[in-house]
Amino acid sequence: MCGIFGIYPHKDAAHLACLGLYALQHRGEESSGIITRNGKKVHLHKALGLVSDVFDEKIIRSLRGELAVGHVRYSTTGSSNIKNTQPFYVRAKIGDIAIAHNGNLINTLSLHRELENKGALFQTSMDSEIIAHLLAHSQNKDFKDTIIWSLSKLEGAYSLVLMLNDILIGARDSFGWRPLCLGKLDEAYVLASETCALDLIGAKYIRDIQPGEIVFIKKDGLESIKPFKKTHHAFCIFEYIYFARPDSNIFEHNVYMTRKRLGAQLAIEFPVEADLVMPIPDSGTYAALGFSEASKIPFEYGMIRNHYIGRTFIQPSQVLRDFHVRIKLNPLKEVLDGKRVMLIEDSIVRGTTSRIRVKTLRLAGAKLIHMRVSCPPLKFPCFYGIDFPTKKELIASKHDIEWVRDFIGADSLEYLSLEGMLNSMPLPKEHFCTACFTGDYPATPSSRVSKTILEK
Ligand code: 5GP
Ligand code: MG
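Residues numbered from 1 in each chain as written. Chains lettered and ligands numbered in written order. Predicted model: local features only at pLDDT ≥ 70, side-chain atom pairs only at ≥ 80, totals over all residues. Heavy atoms only, no water.

A.B. asks: I would appreciate a short explanation of the packing of aromatic side chains in the present structure.
C.D. replies: Think of a pair of aromatic rings as described by two things: how far the centres are apart, and how the planes are tilted against each other in angle. Inspection of the entire model under this criterion finds 15 aromatic pairs. Considering the side-chain rings of Tyr74 and Phe243, the 6.1 Å spacing of their centres and the 55° angle between planes classify their relative orientation as tilted. You can see Tyr74 sitting in the loop between strand 4 (67-73) and strand 5 (88-92) and its partner Phe243 sitting in helix 8 (residues 237-243), a full 169 residues away along the chain. Owing to a relative accessible area of 3%, Phe243 belongs among the buried residues under this scheme. Geometrically, the ring pair formed by Trp177 and Tyr384 is stacked, given 4.0 Å between the ring centres and 20° between the ring planes. Of the two residues, Trp177 is situated in the loop between strand 8 (167-172) and strand 9 (181-185) and Tyr384 in the loop between strand 21 (368-373) and helix 14 (395-398); the sequence distance between them amounts to 207 residues. (Phe/Tyr/Trp six-rings, centres within 6.5 Å; stacked < 30°, edge-to-face > 60°. Helix = DSSP H or I, 4+ residues; strand = E, 2+ residues; numbered from the N terminus. Buried < 20%, exposed > 50% of the residue type's maximum accessible area, 1.4 Å probe, protein only.)

Following this line, the structure appears as structure tokens:
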């Protein structure tokens, strides 16, 4: 996962990009970067860390120009080091190229090999670098044909914000796995992963970039083309369940309202007597609100979040992850003591968070703990950009619900049904990719490595 942002033409491009990235920080906390272009000069600043650590006023002021592209990274492919930060910038025959990519390509290995045979020297382990090499290798004279040819070689998920000389480009793969929206601020067009970034900078939402669409934003306006064969949509359903910010509209619909419907549906599917409904904050909060409304069981905060600690998943190593899980939430004995608790979580991935939370609630005096999860069991790895790397790590792929319940230590555990989840969505079910739940992959990886992951 990653957050991407672009703006052109605006005199405060770098400032606005920085604010946009703040709004998108939840999509990746590992590294942050902004590139700008001023005349023929390019200014790039990127580093490991949060937007607030990486940028300050002086740096922003040094990023001159009216065109800016920004990126926050959550590593899925490629390891976590400074080389793998984005925007990825190269100078090629066609000029300056900068790439901010969200999603995961699935024909990486074959493209890598093909390009290396032609003499490409890869600097990073990011699949996004491939796009730069394709652009550089294109034999097309026209910049539009260059982009179309390069993107036509890609398989898998991409939402892209590109800079090609003084043109800002937005593109989304034909399945549309990852979101990308278009906004307007003064004379400038804005591209962002989620609408919450437009809200923060006061830009007006215009529309989503359509699956298979490429927009070229020049000083004098925007041109849109749809050069690729149409296919069915495969919007990532997990964006609604967990990933996107609740105050965003993605795929043209609001995330908060969708999460509340998921919670309400859970209450319908698995009613049980309880004294209170509580979320595992923050991600379970919206489904818990929906559950409470539908079941008429009062909503309480049974644990309070320390907001100065980052997301538990974001640190790729397991040791750090365990530590973060404990430090983040403090239980409220006054609310929990002697109570029958309905605990709501948006999803169970590895099961480690839930296990620790349930233990904490017991220590704080909870008498009964019923756990409900606002999506079905996650059983299959994601090739399109969500961090569910191998089957082995997904607790529900190896074990049944009773085993997971026992591992977590809850008195009961139920997951929302697939039907129930799909019916709670703001769009008909044909629009979604549900591969992580069903194993029905809209496009299967051609590379041997990905196949191995699937079999593990
Ligand atoms: P686990 O079951 O692995 O202990 O963790 C589940 C928790 O991680 C849930 O609270 C869910 O909100 C969160 N989560 C689910 N998927 C992701 C992800 O891809 N990235 C991050 N950062 N958190 C996730
Ligand atoms: Mg969570």
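A.B. asks: Honestly, the sheet that holds strand 22 (residues 412-415) in this entry has me stumped. Any pointers?
C.D. replies: Strand pairing in a sheet relies on backbone hydrogen bonds. The paired strands run either parallel or antiparallel. With parallel pairing, four strands are arranged side by side in an open sheet as 17-20-21-22. Among the strands making up the open sheet, the edge pair consists of strand 17 (276-279) and strand 22. Averaged over all pairs of adjacent strands, the angle between their axes in this sheet comes to 20°, without regard to strand direction. Pairing analysis gives four bridges linking strand 21 to strand 22, with the strands arranged parallel. If you follow His370 over to strand 22, its bridge partner there is Ser412. Where helix 10 (residues 285-295) meets the sheet, its contacts fall on strand 17, strand 20 (340-345) and strand 21, and the angle it forms with strand 17 comes to roughly 165°. Here helix 13 (residues 352-363) sits on the sheet and contacts strand 17, strand 20 and strand 21; the angle it forms with strand 21, its principal contact strand, is near 155°. (Pairing = 2+ DSSP bridges. Axes fitted to C-alpha atoms, helices over the stretch in contact; angles between N-to-C directions. Contact = heavy atoms within 4.5 Å.)

A.B. asks: Whenever I open this one, the pairing of strand 17 confuses me. Can you help?
C.D. replies: The side chains of a regular strand alternate, residue by residue, between the two faces of the sheet. Of the two faces of strand 17, the one holding Leu276 and Met278 and the one holding Val277 and Pro279 are both buried throughout. Summarising the sheet, strand 17 and strand 20 pair through four bridges and their orientation is parallel. Along strand 20, the bridge assignment pairs Pro279 with Ile344.

Bear in mind that shape data such as this cannot, by itself, settle questions of function.
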